[in-house]
Amino acid sequence: AEVSTQSTGIASMRCLVLLLCSVLTQCLAREPLRFKNGKFRIAQFTDLHYGEDEFTPWGPIQDINSDHVMHSVLNSETPDFVLFTGDSLTGNNIHSNSTAYWKYVVSPCLQSGTPWAHVFGNHDDLAEEWGNRRILMTYDMTFNQSYTSKGVPNLPGESNYFIPIYGENSDLVSAIIYNLDTGGGQIPVQMSDDQVKWLLATYTDNTVMYGNVPSILSFHIPLMDFQRLYNKGNCVGSLNNTIDELDKPILFKFINTLMPNIKLLTTGHYHENDFCCPGPTRSQLFCQGRHSGYGGYSTVARGSRIIQFSADKLETWIRMEDKSVKDYISVPYNTHF
């Protein structure tokens, strides 16, 4: 019995080592993300909710409809990058095949050759008896086109990391995507003080190293400050769901006072919101992405928030499933709104 147990343990360890080696190989093999023709365009897909009600006729049909949204946006926009900002799965309800659904989620990117990264939401998890979101993170990183990165140890969640974007023909970083994990599922919904400290320290280090490059910040559940900004007016887009789950005044303060290079924050979670509001300094935008998936509640048409870096401005707009465009904003980096 001892030999059998030891053999099983060795086999399991070998499998883990092979998976980790595969992940490391993929990370080392990735080409840097770069501007093309002076621009870098991102399509944000949020709240796809693949796998919801997987054992009913309704569920798989919604997944097919979500496929159509992503293909429509990818064909219309031909983005350089896709940013999934949470609840790609309703993974807490999926029985045992979350990784199969995860591949389903990224299949439109695989087919179009578009690289991507994930920020986790409260439903990006596995049913407790099958593991946790770390398994999904590790699995996602095995794809050549994935720029998802394992987050900083000892911070809540898995998706606390940043992605540099390089100049078209240089080794200089020209833009940065910061990501934070707002938890949920098997872990508490939260934005911890340690996460905020990490973001500020990383932002400060990157500013010293790369200069004042334009940046965006994404996380799944928006702060209650987003609601307060919307209530003041001067916003584009709609707010149909009250934002009342996550409050972190210190992050909002730091963004406004200590991190001016973060020009746009984008989030998800509330399926019927898609607004952008200027912050207190009027030099940053606080946004919600457009509901992209047919899983989950919603009565609004589906689409994607598009975010584009260029040499002198940041642009964002909503591309709808029917290919129409709304709520375009162009923001010069060196001026206020």
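Predicted, not measured: the structure shown is a model, and the values here were computed from it.

Chemist: Kindly report on the layout of surface pockets, identifying the contributing residues and their values.
Modeler: What the largest pocket holds in volume is close to 160 Å³. Lining of the largest pocket is provided by Arg30, Pro32, Leu33, Tyr147, Ser149, Tyr161, Phe162, Ile163, Pro164 and Tyr166. At 5 residues, strand E5 (residues 161–166) tops the list of elements feeding residues into the lining of the largest pocket.

Chemist: Pulling in residues and values, what's your account of unusual backbone geometry?
Modeler: Here the phi dihedral of Asp53 falls at roughly 50°; this positive angle occurs in a residue that is not glycine. In this structure, Asp53 sits in the loop between strand E2 (39–45) and helix H2 (58–77). When its relative accessible area of 41% is taken as the criterion, Asp53 is described as partly exposed.

Chemist: How would you explain the pattern of salt bridges if you had to name every residue and give the values?
Modeler: Pairing between side chains of opposite charge can happen when their charged atoms approach one another. Per the stated rule, a full pass over the model turns up 12 salt bridges. Linking Arg319 and Glu77 is a salt bridge whose minimum nitrogen-to-oxygen distance equals 2.7 Å. Note that Arg319 is positioned in strand E14 (residues 313–320) and Glu77 in helix H2, a separation of 242 residues in sequence. Among the salt bridges present, the one from Asp274 reaches Lys326, with a minimum N-O distance of 2.7 Å. Highlighted residues: Asp274 in the loop between strand E10 (262–267) and strand E11 (276–278) and Lys326 in strand E15 (residues 325–332), separated in sequence by 52 residues. Look at Asp274 and you get buried, because its relative accessible area is 1%. Three or more residues joined by partner-sharing salt bridges are found here, namely Asp274, Arg290, Lys326 and Asp327.

Chemist: Any details on the sheet that holds E14? Residues and values, ideally.
Modeler: Across the sheet, which stays open at both edges, the 6 strands sit in the order E4-E3-E2-E13-E14-E15 with mixed pairing between neighbours. With partners counted over all chains shown, the strands left at the sheet margins are strand E4 (116–118) and E15, one partner each. Neighbour-to-neighbour, the strand axes of the sheet open up by a mean angle of 20°, direction not taken into account. Two strands pair when backbone bridges link them, and E2 and strand E13 (residues 303–310) are joined in this way by 6 bridges, in the antiparallel orientation. Note that in E13 the partner of Ala43 across the bridge is Ile306.

Chemist: Quick one: what's the story with empty space enclosed by the protein, residue by residue and with numbers?
Modeler: A complete count under the given rule lists 1 cavity of 30 Å³ or more for this structure. Of the voids in this model, the largest cavity is the one considered here, and its volume is about 30 Å³. Lining the largest cavity we find Ile176, Tyr178, Tyr203, Asn206, Thr207, Gly211, Val213, Ser215 and Asn261. Within the residue set of the lining of the largest cavity, elements represented by two or more residues are strand E6 (173–179) and helix H5 (193–210). Element by element, the count of residues in the lining of the largest cavity is highest for H5, at 3 residues. Looking at the lining of the largest cavity residue by residue, the classes come out as 4 nonpolar, 5 polar and no charged.

Calculation criteria
- Residues numbered from 1 in each chain as written.
- Predicted model: local features only at pLDDT ≥ 70, side-chain atom pairs only at ≥ 80, totals over all residues.
- Heavy atoms only, no water.
- 1 Å grid on protein atoms, 1.4 Å probe; cavity = no way out; pocket = protein on both sides within 12 Å on 5 of 7 lines; lining within 4 Å.
- Points joined across faces, edges and corners; volume = space filled by probe spheres on them.
- Helix = DSSP H or I, 4+ residues; strand = E, 2+ residues; numbered from the N terminus.
- Buried < 20%, exposed > 50% of the residue type's maximum accessible area, 1.4 Å probe, protein only.
- Salt bridge = Lys/Arg side-chain N within 4 Å of Asp/Glu carboxyl O.
- Pairing = 2+ DSSP bridges.
- Axes fitted to C-alpha atoms, helices over the stretch in contact; angles between N-to-C directions.
- Nonpolar A, V, L, I, M, F, W, Y, C, P; charged D, E, K, R; others polar.

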